[in-house]
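Descriptive analysis of the structure
Chain by chain, the residues:
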Amino acid sequence: ESRAQSELTAGNRVAFVDQYPTAARVTRLCFGVSFTALLIGAVLGIVQALHRTNVFRGVISSVDYYTVLTGHGVLLALFFTIFFLSGVFSWGVARSLDRDLLSRRFSLFWFGLQLVGATAVALAIFGGFVGEIPFEADVLYTFYAPLQAHPLFYAGLAAWLVGTWLAGADWIRLYVHWRRDNGGERIPLQTFMVLTTTLMWYIATIGVAVEVLVFLLPLSLGLIDSVDPLLTRTLFWYFGHPVVYFWLMPAYFAWYTILPKLAGGRLFSDPLARVVFVLFLILSTPVGFHHQYADPGIAEGFKFVAMTNTMFLLLPSFLTAFTAVASIEYGARQRGGKGYLRWMTALPWSNPAFAGCALAGLMFAAGGFSGIVNAGMNINSLIHNTLWVPGHFHLTVGTASALTMMAISYWLYPQVTGKRLQFYGLAQIQPYVWFIGMALMSNAMHRAGLAGVPRRTAEPQYQQFSFEAVFGSVPEMRLQIAAGALLLTIGALLFVTVMVGTWLAERGRGRLRVDSHLPEPISGVSDSPRVLDNMKLWVVVAVVLVAIAYGFPIYSMLADGAFNPAAPPVPV
Ligand code: HEM
Ligand code: CU
């Protein structure tokens, strides 16, 4: 057996699935939906990549392109990620509080509500595709006015949102229960991460809930006849930035609490991890205007405040990079690694759970740099609405989050099923296939964006390909996008094959067991100031910051009537 495999074999105690059956079941169900969304989303991804690069345009028409693009964005950015989060957090609270979710009925209820909502949304999107079904929802995953969808789309979104709120309530309820039995104890780290992320989600989703329930759903039902597009965009982006942390937090959760162990070591610092999650809770909402630098009707000053807050948000990401790399290096040295950089070769690169997380982290660093360009108010106008932007977020949500989620599943799915991972060889190559595919696609998208190629278009008629003008030409970038997209789709298929194979396997078949024990951090919870665990304080700080960032701009949008489509006059 290779080193990576024996690593997975060691130290197996009672399986999670037997210890906490409800949490295991909810996690399995959430993962099932999540991976299904990933599979469909990836197929749509290759269709649109080939279409818009002019490599293969036979599958869809250019009108249907926007249906496909909406499906791709919604299924991947909203459903793949957040169903995964719902599953991994259910596992994390049960594991770290050492008790099962309290009620099977309640947990299955919120899962069911999320699923019904998500299914309604998917139906509304693809109904338009089928033609005879009178649904239409080509509104993209950013769904603000003036684009309009069938009411089913908004109703489904609302149901799904309520499902996520109830999931949060389930985790908080378990924590409160634990607190009753553990008076003065510190919050276990994984639960700490779940709680801060959930509180952030409650604050952030208020914006999208108001957007959908007060404005877009009534508009699509014909109950009102106009909305203020600027207001709906603002409410969307109030939610639309923090949602990126909802994508990232499951990855951070894995990098802090699981990756160090996979590397053969321990987490470097518990206090740093807590500081990072508190910073995300308080800073991630008052930055939404950085998506609206180009919008008229919002005074420059408020955009500037958003930019400043955004740059502050780099801090928790740098802290994470430091902590993750320090923990990995510690692990490598425990395994006998030596030298300034040579220790990297001592890491378990053939363990797909480790390799996927590490490669995802590497790509996240690149995504962070292109994100700094997005965030700069002046330089943003260079890349605004170009292909640079999808280039950026396929590194962040499309790899840092997505590849980490896939990698962690290789370690976690066996624990919640009691089944051994199947097709280990496919799992081993999968992270590398994804990494190479994304390096090609994302790099070419960034370059194409700088050359002025727009995002969200089905019509790629720029230069045609010729062998004379190969390097640096738009057709060359398009070919790289198509080649990268092909590898990515293969990567997604490999992942789903491993998961479906494992799902269908009998318990006890195969070779791999999982060492589910997570060691204590080097600098442990006793080094963490107690104030970090004061959730009430951090929620108050977060709400005050939101009020400062959003109070005046929203007031001025409402002052001329909430449903008045005209933009308010802005003093320059
Ligand atoms: C957009 C391809 C995976 C999220 C796009 C676009 C392409 C693409 C070519 C740009 C379309 C345009 O602007 O006209 C792919 C391929 C994938 C993949 C081939 C892998 C099989 C992912 C993943 C995520 C994701 C894993 C997130 C978890 C998005 C989002 C958009 C997008 C949010 C923007 C949609 C919009 O502008 O409304 N994708 N992608 N993609 N992708 Fe992907
Ligand atoms: Cu943002």
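In case you missed it, the structure is sitting above this.
The shown structure was predicted, so the numbers you read here are calculated from the model rather than taken from an experiment. (Residues numbered from 1 in each chain as written. Chains lettered and ligands numbered in written order. Predicted model: local features only at pLDDT ≥ 70, side-chain atom pairs only at ≥ 80, totals over all residues. Heavy atoms only, no water.)

1. Here we look at the overall build of the protein
When its secondary structure is counted, the protein shows 19 helices and zero strands. Since a compact globule built from 572 residues should have a radius of gyration of about 25 Å, the 23 Å found for the protein is in line with a globular shape. Viewed in the frame of its principal axes, the protein has a C-alpha envelope of about 65 × 65 × 50 Å. The buried share of the protein, taken over its 572 residues, is 59%. Within the structure as shown, the protein displays about 22,200 Å² of accessible surface, and the carbon and sulfur contribution to it stands at 68%. Put simply, the protein has 35 plus and 28 minus side-chain charges, and the middle of one group is 10 Å from the middle of the other. (Helix = DSSP H or I, 4+ residues; strand = E, 2+ residues; numbered from the N terminus. Rg over C-alpha atoms; globule rule 2.2 N^0.38 Å. Buried < 20%, exposed > 50% of the residue type's maximum accessible area, 1.4 Å probe, protein only. Areas by Shrake-Rupley, 256 points an atom, 1.4 Å probe, with all protein chains shown as cover. Lys, Arg positive; Asp, Glu negative; His and termini not counted. Charge placed at Lys NZ, Arg CZ, Asp CG, Glu CD.)

2. Digging into empty space enclosed by the protein
Taken as a whole and assessed by the stated rule, the structure comprises five cavities of 30 Å³ or more. Of all the secondary-structure elements, those providing two or more residues to the lining of the largest cavity are α3 (21–52), α4 (65–97), α16 (388–417), α17 (424–450) and α18 (474–504). For the lining of the largest cavity, the class distribution of residues is 24 nonpolar, seven polar and three charged. Put simply, the second largest cavity is a space of about 70 Å³. Lining the second largest cavity, in full, are Arg52, Thr53, Leu387, Ala448, Val453, Thr457, Ala458, Glu459, Pro460, Tyr462, Arg478 and Ile481. (1 Å grid on protein atoms, 1.4 Å probe; cavity = no way out; pocket = protein on both sides within 12 Å on 5 of 7 lines; lining within 4 Å. Points joined across faces, edges and corners; volume = space filled by probe spheres on them. Nonpolar A, V, L, I, M, F, W, Y, C, P; charged D, E, K, R; others polar.)

3. Section: the nonpolar core
With 184 residues, the main nonpolar core has Phe79, Trp91, Phe143, Phe153, Trp160 and Tyr252 as its most contacted residues. Take this core: its biggest share by element is 20 residues, from α4. For Phe79, the residues in contact, after removing those within four places along its chain, are Ser34, Ala37, Val74, Phe84, Ala118, Val121 and Trp160. (Core = buried A, V, L, I, M, F, W, Y, C linked by side-chain atoms within 4.5 Å. Contact = heavy atoms within 4.5 Å.)

4. Overview of the pattern of salt bridges
Across all of its chains, the model carries nine salt bridges by this definition. One salt bridge connects Arg274 with Asp270, and the closest N-O pair in it is separated by 2.7 Å. Of the two residues, Arg274 and Asp270 both sit in helix α11 (residues 270–283), four residues apart, roughly one turn of that helix. Side by side, Arg274 and Asp270 carry an identical accessibility label, which is buried. Put simply, Glu476 and Arg447 hold a salt bridge, and the shortest N to O gap is 3.0 Å. In this pair, Glu476 is assigned in helix α18 and Arg447 in helix α17, connecting sequence segments 29 residues apart. (Salt bridge = Lys/Arg side-chain N within 4 Å of Asp/Glu carboxyl O.)

5. Observations concerning the coordination of the iron atom of ligand 1
Protein ligation of the iron atom of ligand 1 involves His72 (NE2) and His394 (NE2), the donor distances falling in the range 2.0 Å. Coordination at the iron atom of ligand 1 is octahedral: its six donor atoms span angles of 88 to 179° at the metal. Taken together, the residues His72 in helix α4 and His394 in helix α16 connect sequence positions 322 residues apart. (Donors = N, O, S within 2.8 Å, 3.2 Å for Na, K, Ca; no water. Tetrahedral: all angles 85-135°; square planar, octahedral: opposite > 155°, others 65-115°.)

6. Considerations on the coordination of the copper ion (ligand 2)
Summarising the metal site, the copper ion (ligand 2) is bound by the protein donors His241 (ND1), His290 (NE2) and His291 (NE2), whose distances to it range over 1.8 to 2.0 Å. As a motif over one chain, the donors of the copper ion (ligand 2) read H-x48-H-H. One end of the pair, His241, is in the loop between α8 (229–240) and α9 (242–257); the other, His290, is in the loop between α11 and α12 (300–312), with 49 residues separating them in the sequence. Judged by its relative accessible area of 10%, His290 is buried.

7. Concerning the environment of Pro296
Inspection of the secondary structure puts Pro296 in the loop between α11 and α12. In this structure the C-alpha to C-alpha distance between Pro296 and Tyr144, which are 152 residues apart in sequence, comes to 16 Å.

8. Thoughts on the site of ligand 1
The environment of ligand 1 is made up of 27 residues, and the closest members are Arg52, Tyr65, His72, His394 and Arg456. Note that an oxygen atom of ligand 1 is positioned 2.8 Å from one of the side-chain N or O atoms of Arg52. Taken atom by atom, the bulk of ligand 1 overlaps the largest cavity. Elements with a minimum of two residues in the shell around ligand 1: α3, α4, α16, α17 and α18. (Near = heavy atom within 4 Å. Polar contact = N/O pair within 3.5 Å; in protein donor to acceptor, adjacent residues only side chain to side chain. Sits in = over half its atoms within 2 Å of the grid points.)

9. Quick notes on the side chain of His392
Looking at the secondary structure, you find His392 in helix α16. Within polar-contact distance, the side chain of His392 engages the backbone oxygen of Gly367 at 3.1 Å. If we ignore the near neighbours within four places in the chain, the residues touching His392 are Gly367, Ser370, Gly371, Asn374 and His446.

10. Things to note about the packing of aromatic side chains
Taken as a whole and judged by the stated rule, the model has 39 aromatic pairs. Summarising the aromatic geometry, the rings of Tyr252 and Phe364 are spaced 6.1 Å apart at their centres and angled 80° between planes, so their arrangement reads as edge-to-face. In this pair, Tyr252 sits in helix α9 while Phe364 sits in helix α14 (residues 352–375), placing the two residues 112 residues apart along the sequence. Note on Tyr252: relative accessible area 0%, which makes it buried. (Phe/Tyr/Trp six-rings, centres within 6.5 Å; stacked < 30°, edge-to-face > 60°.)

11. Structural notes on α3
Over its 32 residues, α3 runs 46 Å from end to end, which matches the ideal 46 Å to within 8%, given 1.5 Å per residue. Counted residue by residue, α3 has 23 buried out of 32 residues, so it is predominantly covered. One or two residues past the end of α3 sits Asn54, with phi positive at roughly 70°. (Expected span 1.5 Å × (residues − 1).)

12. Description of the packing of α11 against helix α13 (residues 314–334)
Running from amino to carboxyl end, α11 crosses α13 at an angle of 155°, the nearest separation of the two axes being 9 Å. Considered as vectors, α11 and α13 are oriented roughly antiparallel to each other. By crossing handedness, the relation of α11 to α13 is classed as left-handed. Here Leu272, Val275, Val276, Leu279 and Phe280 of α11 come into contact with α13, specifically with Leu315, Pro316, Ser317, Leu319, Thr320, Phe322 and Thr323. In terms of residue class, the contact of α11 with α13 is made up of nine nonpolar, three polar and no charged. (Axes fitted to C-alpha atoms, helices over the stretch in contact; angles between N-to-C directions. Parallel < 35°, antiparallel > 145°, perpendicular 65-115°, else oblique. Left-handed = near helix turned anticlockwise from the far one by under 90°.)

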